[in-house]
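Single-letter residue listing:
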Amino acid sequence: MRPDRTPLTLLLIGAAILAVGPFAPQWTLFLLTVALAKGLVVLGLMMLLRCGLVSFGQALYYCLGAYAAGMLGRLYEVSGVFTLMLAGMATSAFVAFVLGFLLARYRSIFFGLLSLAISMILYGLLVKTEALGSSDGFNVLPSTLFGWRPADEWVRYSVLAVAAGVAVIAALAVHRYLGTPLGRLAPAIKDNEIRVEYMGASARQAVHVKYVIAAALAGLGGALAATTVGHIDPEMAYWTTSGEFIFITILAGTGSVIAPFLGALIFGIIQTVAFDISPNTWQMVLGASLLAVIVFLPRGLWSLFRRRKAA
Amino acid sequence: MDQLVAVLIDGIIYSAWLFVAAVGLTLIYGVMKIVNVTHGSFYALGAYAAASITGWALAQGMPPSLSYPVLLGSALLVTLVVAPLIERGILRFMYVKDEVVILLITYALFLILEDAIKLVWGVNPYFIAEPYGLLGSFDVMDLTYPYYNLILVGVAIVCGVGLFWMLGHTRAGKLLVAVIHDTEVSRAMGINVERMYLFTFTFGSLLAAIGGAFTAPTVSVVPGLGIEVIVLSFAVVVIGGLGSLPGAALGAVMVGLVRSATIHYLPQVELFVIYLVMAMVLAFRPRGLFSIAEARKI
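These figures come from a predicted structure and were not determined experimentally.

### Quick notes on the overall build of chain A
Right, so step 1: Of regular secondary structure, chain A possesses 13 helices and two strands.
Right, so step 2: Relative to the globule expectation of 19 Å for 311 residues, the C-alpha radius of gyration of chain A, 19 Å, shows essentially globular dimensions.
Right, so step 3: Taking all 311 residues of chain A together, 51% fall into the buried category.

### Re the overall build of chain B
Right, so step 1: Each helix and strand in chain B was counted, giving twelve helices and two strands.
Right, so step 2: Its C-alpha atoms give chain B a radius of gyration of 19 Å, within 12% of the compact-globule value 19 Å for 298 residues.
Right, so step 3: If one aligns the C-alpha atoms of chain B with their principal axes, the spans along those axes are about 60 × 45 × 35 Å.
Right, so step 4: Across the 298 residues of chain B, 47% fall into the buried class.
Right, so step 5: Across chain B, the fraction of contacts at a sequence separation of at least 24, relative to all contacts at a separation of at least 6, is 77%.

### As for the interface of chain B and chain A
Right, so step 1: Counting from both sides, the interface comprises 33 residues of chain B and, opposite them, 34 residues of chain A.
Right, so step 2: Elements with a minimum of two residues in the side of chain B that touches chain A: α4 (99-121), α10 (225-240) and α12 (270-284) of chain B.
Right, so step 3: Among the elements that make up the side of chain B that touches chain A, the one with the highest residue count is α4(B) (15 residues).
Right, so step 4: Its residues assigned to classes, the side of chain B that touches chain A comprises 28 nonpolar, one polar and four charged.

### Quick word on the pairing of strand β2 (residues 143-146) of chain B
All names here are of chain B.
Right, so step 1: Sheet analysis places strand β1 (residues 137-140) next to β2, joined by four bridges and oriented antiparallel. Along β2, the bridge assignment pairs Asp-139 with Thr-144.
Right, so step 2: Hairpin connection, β1 to β2: the antiparallel pair is bridged by two residues, and Met-141 has positive phi, about 55°.

### Overview of the packing of helix α3 (residues 67-89) of chain B against helix α9 (residues 193-215) of chain B
Residues and elements named next belong to chain B.
Right, so step 1: It is the contact of α3 with α9, at a shortest axis distance of 8 Å, that shows an interaxial angle of 145°. Crossing geometry of α3 relative to α9 is assigned as right-handed. Where α3 abuts α9, its residues Leu-71, Leu-72, Ser-74, Ala-75, Leu-76, Val-78, Thr-79, Leu-80, Ala-83, Pro-84, Glu-87 and Arg-88 lie against Tyr-197, Leu-198, Phe-201, Thr-202, Ser-205, Leu-206, Ala-209, Ile-210, Gly-212, Ala-213 and Phe-214.

### Notes on unusual backbone geometry
Residues and elements named next belong to chain B.
Right, so step 1: Look at Lys-33: it is not a glycine, yet its phi comes out positive at around 60°.
Right, so step 2: Within the secondary structure, Lys-33 is located in the loop between α1 (2-32) and α2 (39-59).
Right, so step 3: Its 15 C-beta neighbours within 10 Å are what place Lys-33 among the partly exposed residues.

### Regarding the environment of A:Phe111
Residue and element names in this part refer to chain A.
Right, so step 1: Structurally, Phe-111 is set in helix α5 (residues 108-127).
Right, so step 2: Sequence spacing of Phe-111 and Val-54 is 57 residues, and the spatial spacing of their C-alpha atoms is 7.3 Å.
Right, so step 3: Discounting residues that sit within four places of it in the chain, Phe-111 has contacts with Leu-53, Ser-55, Leu-103 and Tyr-106.

### Remarks on the packing of α2(B) against α3(B)
The geometry of a pair of packed helices is captured by two quantities: the angle between their axes and the separation between those axes.
Residue and element names in this part refer to chain B.
Right, so step 1: At a minimum axis distance of 8 Å, the contact between α2 and α3 shows a crossing angle of 130°. Overall, the two elements α2 and α3 adopt an arrangement that is oblique. Along this stretch, α2 crosses α3, giving a crossing that reads as right-handed. In this structure, α2 contributes Phe-42, Leu-45, Gly-46, Ala-49, Ala-50, Ile-53, Thr-54, Ala-57 and Leu-58 to the contact, and α3 contributes Ser-67, Val-70, Leu-71, Ser-74, Ala-75, Leu-77, Val-78, Thr-79 and Val-82.
Right, so step 2: Broken down by class, the residue content of the contact of α2 with α3 amounts to 13 nonpolar, five polar and no charged.

### A word on α10(B)
Residue and element names in this part refer to chain B.
Right, so step 1: Across its 16 residues, α10 extends 24 Å between first and last C-alpha, which sits within 8% of the 22 Å expected from 1.5 Å per residue.
Right, so step 2: Of all 16 residues in α10, 14 are buried; the element is thus mostly enclosed.
Right, so step 3: The positive-phi residue at the C-terminal boundary of α10 is Gly-241, with phi of around 115°.

### Some points on the confidence of the model for chain B
Right, so step 1: The predicted model of chain B averages 85 in pLDDT, with 97% of residues at 70 or higher.
Right, so step 2: For this predicted complex, the interface confidence reaches an ipTM of 0.85, while the overall pTM sits at 0.88.

### Side note on the environment of A:Val293
Residue and element names in this part refer to chain A.
Right, so step 1: Considering the arrangement of structural elements, one finds Val-293 in helix α12 (residues 282-296).
Right, so step 2: A tally of 22 C-beta atoms within 10 Å means that Val-293 is categorised as buried.
Right, so step 3: Considered as a pair, Val-293 and Ala-104 are 189 residues apart in the sequence and their alpha carbons are 29 Å apart.
Right, so step 4: With residues near it in sequence (within four places) discarded, Val-293 still touches Ile-250, Leu-251, Gly-300 and Leu-301.

### Examining the environment of B:Tyr107
Right, so step 1: Mapped onto the elements, B:Tyr107 comes out in helix α4.
Right, so step 2: Residues B:Tyr107 and B:Val35 lie 72 residues apart in sequence; the distance between their C-alpha atoms is 9.7 Å.
Right, so step 3: If we skip the residues at most four places from it in the chain, B:Tyr107 touches A:Gly243 and B:Val37.

Conventions and cut-offs
- Residues numbered from 1 in each chain as written.
- Chains lettered and ligands numbered in written order.
- Predicted model: local features only at pLDDT ≥ 70, side-chain atom pairs only at ≥ 80, totals over all residues.
- Helix = DSSP H or I, 4+ residues; strand = E, 2+ residues; numbered from the N terminus.
- Rg over C-alpha atoms; globule rule 2.2 N^0.38 Å.
- Buried ≥ 20, exposed ≤ 12 C-beta atoms within 10 Å, placed from the backbone.
- Contact = placed C-beta atoms within 7 Å.
- Nonpolar A, V, L, I, M, F, W, Y, C, P; charged D, E, K, R; others polar.
- Pairing = 2+ DSSP bridges.
- Axes fitted to C-alpha atoms, helices over the stretch in contact; angles between N-to-C directions.
- Left-handed = near helix turned anticlockwise from the far one by under 90°.
- Parallel < 35°, antiparallel > 145°, perpendicular 65-115°, else oblique.
- Expected span 1.5 Å × (residues − 1).
- pLDDT = per-residue confidence, 0-100.

Here's what the structure looks like:
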């Protein structure tokens, strides 16, 4: 059996980001941080996709995490970046725990549609809530690191450093989880749920656990995005945001916990470059790449690495 | 009392719009088992084609009363060009894939079409107010309604009744029902399922385009027009049951009335109520109100 190189690779990537960060231009730091935040959401979606579930409403938890972080700052002037992330994570995980009792019974298209409906409920609520800025949203306070506020030119780098640390820890944890008996149930649930039940495992419970973890990751990503971008609005819960996350999940593939972050980075680059070159056709480029990946790389970009190893 | 009448009238008009916008989606799902995100693109395409062609024809001196057939004709034209292209060019190679994967493919196509529309028509809004203003308006109690809204209700009724008649009383319709029921047996009995798919996709998309074309005179036609229509039509057909025609009608009426009631009595919850209804229906009847029980496959 090949030794598991994922943890080492993850730590090396994390260290590389920290080392190169101070010398990279500011906009790349921003791009990278947003990619890490989205990668966290996609990491959760990947776990669900491994059991064959596609959530068209993951933006619900992304938005919840962001609003939880934003409101802590707005109402209580909390600005500690770790407190905000913890709040985002806890809020999303709690909501997912409650909704999970219902959603864990759904499969295939119905799971997707029900999660879509629930995320649109949040969107509808936020758009009409004037206290939270309706459809304009509101600005998030600049965050601090245990009460310390970095100098202006170091803000982007410190947020990136925090994001990289959190992402590496999250990826390691999920990697660990995928190796446990509960984690290994995912492909079995995708293949044949009834056989899973005959073996004595509860598919519903396994899906519920994965759903809560996925939501926690999305909430974490949302809180991170809120601190990075400095502004949040209800659009974060709209179905197009969920579509974007699924897009990245498919682009990345389910082969490894590194794939979601790579996918999110590539998505960010395609978006930035295509938008720069021709602002009116960037969606077309995205659509065409999604189509190409589905047709030619059904297991996502990560399968490119796999094939080389096997050869 | 006045308000109740207003709620009813607004609700009926909105339901009619929803039905036309959504019924094609349920037809396509029933026959092809595709949850078709490009439905919103066809709605937008219909609106753009109608606004630009009708606007051009009016500028050439066409009498305004002719604009209604031109609206319909533009929807037909644009669908007959784009829908077969998508079905024959891309979708037909994908039918072997999973339902969810096909949904993602139509999502990719939606992204592509969204920009294609901008390339063809630009990003500036189009207005055609003539067909809307031409008919004048009528009063119910103290409220004024344009007659144009009745056209929308008429279109909805014609579409609904026409579909029922077609499915139950024509050869093509009966073959289609057979395909809906069991694709493989239909194929074994000699039905050309490929042609049925092409026909269904084009026809379903045409209904969306008609919805867009007849809405065009009442709004300004801008990029992103189809995005909201997608989730709204999802809500309508999911409430009624994916693939069920009476379900789509019921879903449209439910959503229409609920929305107009909330707009009149409690405008803060307007958007959220529609999706709440959708979530509640899915929670209690996952396959929608008009659904047939399906055996669990082993």
